[in-house]
Amino acid sequence: MKVPHLGEFVEGELGRVLRALSAADRDGDHAGFRALCRQYAAELDADREAWLSVPRELRESFRSNMDGMRPFMLTAQRIARELDGLGRPAALRQMSGADKPGNPMEKLHEAEILAEDGEFEAAEALLREELGEGLADDAWVATIHSRLAMHAAMRNDLDTAVEHARRAYELTRRRRKPGTAGAADFLDDLLTARELRRGTPDGRRLGVCRAALTHAQQMSDRAMFAESNRALLRLLDELDTYPEESSAHRFLGKLCGLMGLNHFHLGDHDEARAWTRKALRECRQREDLAGEEVYEANLKEIDRRE
């Protein structure tokens, strides 16, 4: 999903300045970002409502995929912090919830600011407080769990990170909302990291399979489709030697899906269809709804090209 720049829906000179700030922030141009904040501090402070509130055009995107829209929010937070350093604290106060106590969005902003300063305990306390409110919106609860998982991972507490990431994934999967694939990938990253750290045989198998799958994906990205397939077949042979309970078997869906994609690019639609169907069956067996959607779409595309 392409995340709009801050200021995308703001007209005039202020919109231009906000878009320039957003671009500088995402490009890592810290000096340029600070210079723009200093130059336009008065205008940004006076018209802060124009960039502190979520535009009407983006509200559904925020509701359905808060994590995906995170770059948009982070730019606003960084502008507010820069203005605070310039003696203009109003925007930061508003974002941190000082002016609107009890607003859940403001609590999220405040937790993000605390986490960026390395104050993870304070950030997590705010987020856990939000969970304790008995929230009914699954998408919002998933967002809170995702944040808690990120903070735990930053603290190197992978058990806690996995617990929250799994909850976030379960919630997004249940609602079939955008962001399910990202939640699944994040959970997979954490599970793999935890097994590798434990140094278990299954952890070593995970590391081998993940490296092989990444290598095959890189070859496919470089249009080396036949070479990618040969690497995938070697990986499939490797997986066949693992115990049935091995966590590495969860890579089967991606392996078969990539085989199907490679055959599709090679012009062999029968093989592409067969491997993609295998990927789809694997995802259904493992209740990977994000994978199901991808491979169902791929099958339709293969049929369309016949």
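Residues numbered from 1 in each chain as written. Predicted model: local features only at pLDDT ≥ 70, side-chain atom pairs only at ≥ 80, totals over all residues. Heavy atoms only, no water.

Trainee: When you look at the overall build of the chain in this model, what are you seeing that I'm missing?
Mentor: In terms of regular secondary structure, the chain is built from 17 helices and zero strands. Summarising the internal contacts of the chain: among those between residues at least 6 apart in sequence, 60% fall at separations of at least 24. Per element, the accessible surface of the chain, about 15600 Å² overall, is 48% carbon and sulfur. (Helix = DSSP H or I, 4+ residues; strand = E, 2+ residues; numbered from the N terminus. Contact = heavy atoms within 4.5 Å. Areas by Shrake-Rupley, 256 points an atom, 1.4 Å probe, with all protein chains shown as cover.)

Trainee: Would you mind going over empty space enclosed by the protein with me for this structure?
Mentor: Using a probe with the size of a water molecule, rolled over the atoms, empty space left in the structure can be pinpointed. Applying the stated criterion to the full structure yields one cavity of 30 Å³ or more. The calculated volume of the largest cavity comes to roughly 40 Å³. Forming the walls of the largest cavity are His5, Leu6, Gly7, Glu8, Phe9, Val10, Ala50, Trp51, Ser53, Pro55, Leu58 and Phe72. (1 Å grid on protein atoms, 1.4 Å probe; cavity = no way out; pocket = protein on both sides within 12 Å on 5 of 7 lines; lining within 4 Å. Points joined across faces, edges and corners; volume = space filled by probe spheres on them.)

Trainee: I'm lost on the side chain of glutamate 292 in this one. Help?
Mentor: Mapping glutamate 292 onto the fold places it in helix α17 (residues 289–304). Exposure remark for glutamate 292: the relative accessible area of 11% places this residue in the buried category. (Buried < 20%, exposed > 50% of the residue type's maximum accessible area, 1.4 Å probe, protein only.)

Trainee: Is there a simple way to think about the packing of helix α1 (residues 12–27) against helix α6 (residues 70–85) in this case?
Mentor: Relative placement of two packed helices is described by the angle separating their axes and the distance separating the axes. Relative orientation of the contacting elements α1 and α6 amounts to 105°, with a least axis distance of 10 Å. It follows from the interaxial angle that α1 and α6 lie roughly perpendicular. Facing α1, whose interface residues are Leu18, Leu21, Ser22, Asp25 and Arg26, α6 presents Pro71, Phe72, Leu74, Thr75, Arg78 and Ile79. Looking at side-chain class alone, the contact of α1 with α6 contains six nonpolar, two polar and three charged residues. (Axes fitted to C-alpha atoms, helices over the stretch in contact; angles between N-to-C directions. Parallel < 35°, antiparallel > 145°, perpendicular 65-115°, else oblique. Nonpolar A, V, L, I, M, F, W, Y, C, P; charged D, E, K, R; others polar.)

Trainee: Quick question: what am I supposed to make of helix α15 (residues 252–265) here?
Mentor: In an α-helix, one turn spans 3.6 residues, which is why side chains three or four residues apart end up on the same side. Its 14 residues give α15 an end-to-end C-alpha distance of 20 Å, which sits within 8% of 20 Å, the value for a rise of 1.5 Å per residue. Within α15, eleven of the 14 residues are buried, which leaves it mostly tucked inside the rest of the structure. By the burial criterion, the buried members of α15 are Leu252, Gly253, Leu255, Cys256, Gly257, Leu258, Met259, Gly260, Asn262, His263 and Phe264. Immediately downstream of α15, the backbone of glycine 267 shows phi near 90°, a positive value. (Expected span 1.5 Å × (residues − 1).)

Trainee: What am I meant to see in the packing of helix α2 (residues 30–39) against α6 here?
Mentor: As a packed pair, α2 and α6 sit with axes 10 Å apart at the nearest point and diverge in direction by 60°. Comparing the axis directions of α2 and α6 gives the class oblique. Crossing handedness for the pair α2 and α6: right-handed. In this structure, α2 uses Phe33, Arg34 and Cys37 to contact α6, whose residues at the interface are Thr75, Arg78, Ile79, Glu82 and Leu83. Of the residues contributing to the contact of α2 with α6, the split by class is four nonpolar, one polar and three charged. (Left-handed = near helix turned anticlockwise from the far one by under 90°.)

Trainee: I tried to follow the pattern of salt bridges on my own but got confused; where do I start?
Mentor: Once the charged atoms of two side chains with opposite charge are near each other, the side chains can pair. Under the counting rule described, the total for this entry stands at 14 salt bridges. The closest approach of N and O atoms between glutamate 170 and arginine 167, which form a salt bridge, is 3.7 Å. On the criterion of helical spacing, the pair formed by glutamate 170 and arginine 167 is a turn pair, its members being three residues apart in helix α11 (residues 158–175). Overlapping salt bridges, with partners in common, bring together Asp45, Arg48 and Arg88 in one network. (Salt bridge = Lys/Arg side-chain N within 4 Å of Asp/Glu carboxyl O.)

Trainee: What is the right way to look at the side chain of asparagine 262 in this model?
Mentor: Along the chain, asparagine 262 turns up in helix α15. A distance of 2.9 Å separates polar atoms of two side chains, one belonging to asparagine 262 and the other to serine 228. Contact partners of asparagine 262, with chain neighbours within four places excluded, come to Ser220, Phe225, Ser228, Asn229 and Leu232. (Polar contact = N/O pair within 3.5 Å; in protein donor to acceptor, adjacent residues only side chain to side chain.)

Trainee: How do you make sense of helix α16 (residues 269–285) when you look at a structure like this?
Mentor: Relative to the 24 Å expected for 17 residues at 1.5 Å per residue, α16 spans 24 Å between its end C-alpha atoms, a close match to the ideal helical length. Glutamate 287, located one to two residues past α16, shows a positive phi value of around 55°.

Trainee: Just checking my understanding: could you explain the layout of surface pockets for this structure?
Mentor: Each pocket or cavity is described by its volume, and for the largest pocket that value is around 960 Å³. If you trace the largest pocket, you find 31 residues lining it, with Asp185, Asp188, Arg250, Lys254 and Asp288 closest to the centre. For the lining of the largest pocket, the elements supplying multiple residues, two or more each, are α11, α12 (180–198), α13 (201–221), α15, α16 and α17. In terms of residues, the lining of the largest pocket owes the most to one element, α12, which gives six residues.

Trainee: Help me understand the packing of aromatic side chains in this model?
Mentor: This structure, assessed with the given rule, holds zero aromatic pairs. Note that arginine 250 overlies the ring of phenylalanine 251, its terminal NZ or CZ placed 5.6 Å from the centroid. (Phe/Tyr/Trp six-rings, centres within 6.5 Å; stacked < 30°, edge-to-face > 60°. Lys NZ or Arg CZ within 6 Å of the ring centre and 35° of its normal.)

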